[in-house]
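# Structural description and commentary
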Amino acid sequence: MDLTGALLRAGAARPHVLTVTAPGATVVRLAAEDQLRRRGWPAAMTPAGADILLVAGEAAGLLAEAVEAAWQAMPAPRARAVAARPDEVAAALEAARARLGDRAVQQASAADTASRGDQGQRAPEGHEGGDHGHEHGVGDHGHEMSDEHGHGASGGHGGHGHGHGEHGHGMGGMDMPGGLPMADRGDDRDGLRLDQLHLPLGPVLPDWPAGLVLRVTLQGDVIQHAEPEILGGGSGSFWDEPWRRAADGERVTTAEAARRAAAAYLDSLGRFLAVAGWDAVAAAARRLRDEALAGAPSGPLRRDARRLARRVARSRVLAWLTGGLGVLTAAEAATAGVAGPAVRAAGDVTARYRRWCADLEAAVAVLDDASLLGPGGPGPPRGPAGDDGAPSAGLVAMLPRLLAGAELAGARLIIASLDPDLDQLPAGVEAAHGH
């Protein structure tokens, strides 16, 4: 009896998938999440917990290096899949599952890993092992929430288990064996000299803006400084498509724009709720998002979206968990070029996700409006582009101020409540945003 083969096939029946989204590949990510939901395949939170690494879109430059590092961090058995277009996702996942259960393929992969390990013991002269290494990871999202709405929290702002990754490029200080950074010393807010650690967050993190890296300086789990870097922009946001077409003179109805806006708010809510640990409602938001994009009947979609929006907006535990985090005033947002919900919310993380809920209800209210899209209709989900450029560029520019002094768990929530769409930025951008 081939016990090894049987175990491999059993493990391949329901693999854990780590999805990495390249800039400009939002529509591929959506197709991948839809496929995983339909198949019942769980999402992996870290490379160490993944069986399949799925790249949505075409990774290049530093993102390709990060993808390769994530692949090397995955334990055997493992398989890799790449889908450049939405219609390639299903076949890529099936092929990866077949390789995952193939004994010969896994033996070859193990031999290749061993060979790379031997080579890593003999680094070329003049190059430290940590100078080019990338290690990316996230923490545990498994904590549950339950209050009178059926969810609750396992602690306050510091109670999240969201972790962080490591990135070898641009890291100051010394490297320890294995590429781990050595802590420096620096003054904290109380005037004490404490260890400082320089790490990046992203780009291989679940529910993270595609193509974003945040280089942070930590003392304990508190961010002292954050510098965002963009690993390439997109060719135009998928979520803004109806408004771009209308601006070009095409016929776009209010209902079409409302459906896309509703899907965008559901997508942002799903990502935010997943980071907050409310997994069941995050999954419900993503299911409704997929139904909205697939043209589901407006009546049931409107009913279910309203129920979800009101459940999230009224949750006292979620508000307690996020209150006071990442306060962004309307004046600050407008000065930075931010538009849309972030400006209208004019407040903290709680105010921003509640604004999404209100905007979602407004969008589904006009799902049957066949009139042409006009100034009085629903606007782009992150607001219209102003004279200074894309609203998401302003969201990224605000991150250093909003994250300074935040704990890592709170930082993940702040970023998820802004949900910048870097596809709004020009393709090929690889630049740091100063503050």
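Fair warning: this is a prediction, and the values are worked out from it, not measured in the lab.

## Here we look at the overall build of the protein chain
- The secondary structure content of the protein chain amounts to 15 helices and 10 strands.
- Expressed as a percentage of contacts within the protein chain between residues at least 6 apart in sequence, the contacts between residues at least 24 apart total 74%.

## Observations concerning the nonpolar core
- Within the largest apolar cluster, 75 residues are counted, with the highest numbers of intra-cluster contacts made by Phe-272, Val-312, Leu-318, Tyr-353, Leu-360 and Leu-403.
- Top element by residues in this core is helix H7 (residues 254-276). It accounts for 14 residues.
- In this structure, Phe-272 is in contact with Leu-318, Thr-322, Val-349, Tyr-353, Trp-356, Leu-413, Ala-416 and Ser-417, ignoring residues within four places of it in sequence.
- Ala-25, Leu-54, Ala-81 and Ala-96 belong to the second-largest nonpolar core, a separate cluster that totals 19 residues.

## Examining the sheet that holds strand S1 (residues 17-21)
- Here we have three strands laid out as an open sheet, ordered S1-S2-S3, and parallel in their pairing. Here the strands that pair on one side only, and so sit at the sheet edges, are S1 and strand S3 (79-83). Taken over all neighbouring pairs, the strand axes of this sheet differ in orientation by 20 degrees on average, direction set aside.
- Where S1 meets strand S2 (residues 52-56), five bridges bridge the pair, whose relative direction is parallel. When the bridges of S2 are listed, Thr-19 appears paired with Leu-54.
- Sheet strands in contact with helix H3 (residues 61-73) are S1, S2 and S3, and its direction is about 150 degrees off that of S3.
- Across the sheet, helix H4 (residues 89-100) lies against S2 and S3, angled at about 170 degrees from S3, the strand it touches most.

## What about the pattern of salt bridges?
- The final tally for this structure, using the stated rule, is 27 salt bridges.
- Its salt-bridge partner being Arg-85, residue Asp-87 comes within 3.3 Å of it at the nearest N-O pair.
- You can call Arg-85 partly exposed: its relative accessible area is 45%.
- Taking the shortest distance from any N to any O, the salt bridge between Asp-359 and Arg-344 comes out at 2.4 Å. Here Asp-359, found in helix H13 (residues 349-364), pairs with Arg-344, found in helix H12 (residues 341-345); they are 15 residues apart in sequence, far enough to count as distant.
- Here Asp-359 falls in the buried class, since its relative accessible area comes to 9%.

## Looking at H7
- Between the first and last C-alpha of H7 there are 32 Å, a value that for 23 residues agrees with the 33 Å anticipated at 1.5 Å per step.
- A positive phi of about 95 degrees marks Gly-277, the residue just after H7.

## Observations concerning the packing of aromatic side chains
- In total, this model carries two aromatic pairs according to the counting rule given.
- Considering the side-chain rings of Phe-238 and Trp-239, the 5.0 Å spacing of their centres and the 70 degrees angle between planes classify their relative orientation as edge-to-face.
- We classify Trp-239 as buried; its relative accessible area is 1%.

## Some thoughts on the side chain of Ser-392
- Structurally, the position occupied by Ser-392 is in helix H14 (residues 391-403).
- When sequence neighbours within four positions are dropped, the list of residues in contact with Ser-392 reads Arg-382, Pro-420, Asp-421, Gln-424 and Leu-425.

## Here's the deal with the packing of H7 against H13
- One way to put it is that H7 packs onto H13 with a least axis distance of 9 Å and a crossing angle of 150 degrees. As summarised for this structure, H7 and H13 are arranged roughly antiparallel, according to the angle between their axes. Of the two elements, H7 crosses H13, and the hand of that crossing is left-handed. Packed against H7, whose contacting residues are Ala-258, Ala-261, Ala-262, Tyr-265, Leu-266, Ser-268, Leu-269 and Phe-272, the element H13 presents Val-349, Tyr-353, Trp-356, Cys-357, Asp-359, Leu-360, Ala-363 and Val-364 at the interface.

## Observations regarding the side chain of Asp-267
- Among the structural elements, Asp-267 can be located in helix H7.
- Of the polar contacts made by the side chain of Asp-267, one reaches the side chain of Arg-29; its length is 2.9 Å.
- Those residues in contact with Asp-267 that lie beyond four places of it in its chain are Arg-29, Leu-30, Glu-33, Trp-239 and Arg-289.

## Here's the deal with the environment of Ala-6
- For Ala-6, the position within the fold is in helix H1 (residues 3-11).
- Along the primary structure Ala-6 and Arg-103 are separated by 97 residues, whereas in three dimensions their C-alpha atoms are 9.3 Å apart.

## A word on unusual backbone geometry
- Following Ala-76, the chain continues into Pro-77 via a peptide bond in cis, with omega recorded as -5 degrees.
- Among the structural elements, Pro-77 can be located in the loop between H3 and S3.
- In the segment running from Gly-202 into Pro-203, the intervening peptide bond is cis, with an omega of 0 degrees.
- Mapped onto the fold, Pro-203 is located in the loop between strand S7 (193-201) and strand S8 (212-219).
- A positive phi angle, near 45 degrees, is found at Asp-419, a position not held by glycine.
- Inspection of the secondary structure puts Asp-419 in the loop between helix H15 (408-418) and strand S10 (430-432).

## Notes on the confidence of the model for the protein chain
- Residues of the protein chain with pLDDT of at least 70 account for 77%, and the chain-wide mean is 82.
- In the predicted structure, residues 120-144 sits below a pLDDT of 50 and forms 63 contacts with residues beyond four places in sequence or in another chain.

## Some points on helix H8 (residues 279-293)
- Its 15 residues place the ends of H8 21 Å apart at the C-alpha level, agreeing with the 21 Å of an ideal helix rising 1.5 Å per residue.
- For H8, the complete set of buried residues consists of Val-281, Ala-282, Ala-285, Arg-286, Leu-288, Arg-289, Asp-290 and Ala-292.
- Those residues of H8 that are buried are in contact with helix H2 (26-39), H7 and helix H9 (298-313).
- Once H8 finishes, Gly-295 follows within two positions and takes phi at roughly 85 degrees, a positive value.

## What about the environment of Glu-361?
- Structurally, the position occupied by Glu-361 is in helix H13.
- By relative accessible area, which is 21% here, Glu-361 ends up partly exposed.
- Sequence-distant contacts of Glu-361, defined by excluding residues within four places in its chain, comprise Arg-306, Ala-309 and Arg-310.

Rules used in this analysis
Residues numbered from 1 in each chain as written. Predicted model: local features only at pLDDT ≥ 70, side-chain atom pairs only at ≥ 80, totals over all residues. Heavy atoms only, no water. Helix = DSSP H or I, 4+ residues; strand = E, 2+ residues; numbered from the N terminus. Contact = heavy atoms within 4.5 Å. Core = buried A, V, L, I, M, F, W, Y, C linked by side-chain atoms within 4.5 Å. Buried < 20%, exposed > 50% of the residue type's maximum accessible area, 1.4 Å probe, protein only. Pairing = 2+ DSSP bridges. Axes fitted to C-alpha atoms, helices over the stretch in contact; angles between N-to-C directions. Salt bridge = Lys/Arg side-chain N within 4 Å of Asp/Glu carboxyl O. Expected span 1.5 Å × (residues − 1). Phe/Tyr/Trp six-rings, centres within 6.5 Å; stacked < 30°, edge-to-face > 60°. Parallel < 35°, antiparallel > 145°, perpendicular 65-115°, else oblique. Left-handed = near helix turned anticlockwise from the far one by under 90°. Polar contact = N/O pair within 3.5 Å; in protein donor to acceptor, adjacent residues only side chain to side chain. pLDDT = per-residue confidence, 0-100.

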